[in-house]
Amino acid sequence: MRVSHGASQTALVLKSQPEAGVSKNGGRHATDPGREQDADDLHQAGRIGPNAIIQTAEALRLLHGEEAARCVFAAARLDTYLATPPAAMVDEAEVSRLHRALRTELDDETARAVSTGAGRLTGAYLLAHRIPGAAQRVLRLLPARLASRALTRAISAHAWTFAGTGTFTARPGRPTIYQISHCPLCRGHHGDHAICDFYAATFETLFATLVHPDAHAREIACEAWGDEACRFEIDW
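1. Digging into the nonpolar core
Judged by nonpolar contacts, the single largest core of 61 residues is most densely connected at Tyr199 and Phe203. Element by element, the count of residues in this core is highest for helix H10 (residues 197-210), at seven residues. If we ignore the near neighbours within four places in the chain, the residues touching Phe203 are Ile155, Phe162, Phe168, Tyr178, Ala217, Phe232 and Ile234.

2. Overview of empty space enclosed by the protein
Per the stated rule, a full pass over the model turns up two cavities of 30 Å³ or more. Quantified by volume, the second largest cavity comes out at close to 70 Å³. Every residue lining the second largest cavity is listed: His99, Leu102, Arg103, Asp108, Ala111, Arg112, Ser115, His193, Ile195 and Asp197. Of all the secondary-structure elements, those providing two or more residues to the lining of the second largest cavity are helix H5 (92-105) and helix H6 (108-129).

3. Here's the deal with the pairing of strand S7 (residues 176-181)
Consecutive side chains of a regular strand alternate in pointing toward one face of the sheet and then the other. In terms of burial, S7 is largely enclosed, as five of its six residues are buried. Note that strand S6 (residues 167-171) and S7 share five bridges and pair antiparallel. The partner of Thr169 across the bridge, within S7, is Gln179. The loop that links S6 with its antiparallel partner S7 comprises four residues; one of these, Gly173, has a positive phi angle of about 130°. The sheet contact formed by S7 and strand S9 (residues 230-235) spans five bridges and is antiparallel. Across the sheet, the residue bridging to Thr176 is Ile234, located in S9.

4. Regarding a negative patch on the surface
Where like charges cluster on the molecular surface, the negative patch consists of Asp107, Asp108, Glu109 and Asp192. With respect to the helices, strands and loops of the structure, Asp192 is situated in the loop between S7 and H10.

5. Quick look at unusual backbone geometry
Leave glycine aside and you will find that most residues have negative phi; peptide bonds, for their part, are mostly trans. At the junction of Arg174 and Pro175, the peptide bond is cis and its omega measures out at 0° in the coordinates. Structurally, Pro175 is set in the loop between S6 and S7. In this model, Arg77 sits at a positive phi of 60°, which is unusual for a non-glycine residue. With respect to the helices and strands, the residue Arg77 is situated in the loop between helix H3 (66-75) and helix H4 (80-83). Classification of Arg77 as exposed rests on a relative accessible area of 58%. A positive phi angle is found at His182, which is not glycine, with a value near 60°. The residue His182 is located in the loop between S7 and H10 in this model.

What counts and how
- Residues numbered from 1 in each chain as written.
- Predicted model: local features only at pLDDT ≥ 70, side-chain atom pairs only at ≥ 80, totals over all residues.
- Heavy atoms only, no water.
- Core = buried A, V, L, I, M, F, W, Y, C linked by side-chain atoms within 4.5 Å.
- Buried < 20%, exposed > 50% of the residue type's maximum accessible area, 1.4 Å probe, protein only.
- Helix = DSSP H or I, 4+ residues; strand = E, 2+ residues; numbered from the N terminus.
- Contact = heavy atoms within 4.5 Å.
- 1 Å grid on protein atoms, 1.4 Å probe; cavity = no way out; pocket = protein on both sides within 12 Å on 5 of 7 lines; lining within 4 Å.
- Points joined across faces, edges and corners; volume = space filled by probe spheres on them.
- Pairing = 2+ DSSP bridges.
- Patch = residues over 30% accessible without salt bridge, like charges linked within 9 Å, V, L, I, M, F, W, Y side chains within 5 Å.
- Areas by Shrake-Rupley, 256 points an atom, 1.4 Å probe, with all protein chains shown as cover.
- Salt bridge = Lys/Arg side-chain N within 4 Å of Asp/Glu carboxyl O.
- Lys, Arg positive; Asp, Glu negative; His and termini not counted.
- Charge placed at Lys NZ, Arg CZ, Asp CG, Glu CD.

Here it is in structure tokens:
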């Protein structure tokens, strides 16, 4: 996964998952005897954080019950994750299969509601476990213009945890524009509307909490439409 953005890094840091090959203090730890696995290894392997699966299961259960969750996960050949949720980065192909199964097993409105719910749950998880409280307090004190730039730098630095082998690009400002090329959520899908609600809801949850309470994210271009990339606009 490649990331391009024009701003320099700041002290705002999202805590990486230690099981993904990065320790809590930002260093690396060995995952194979005699060898260390770093972020570049994970980029090339096409790995995505487990919340893309865990929170989708939770959203299905909350909105439609255990039977719906079993139906969708069986269609995606991911049944075992319902009993034993993934504890480490997962293959992006599994995430692609799961979101494809949402659209084949559920009607469009239901699939979008589940994807949106999973994105909101993921944003809440990041706020509770991955973004340090001190950083959150600083962001809330900043003017929205500055807070959005700082948050964008942090998201860009950790885009490898959600974009897999896709390419993430950020354009700070108002509105803020995020773009994912070769997007794993809609890869191989063709439709008549944007379908990456999971990403839009995650971005909106973070911005509404840390930048401005009226922040809203929407997908304005999608590879499923035939666009060259999936593009998200966040405004407030």
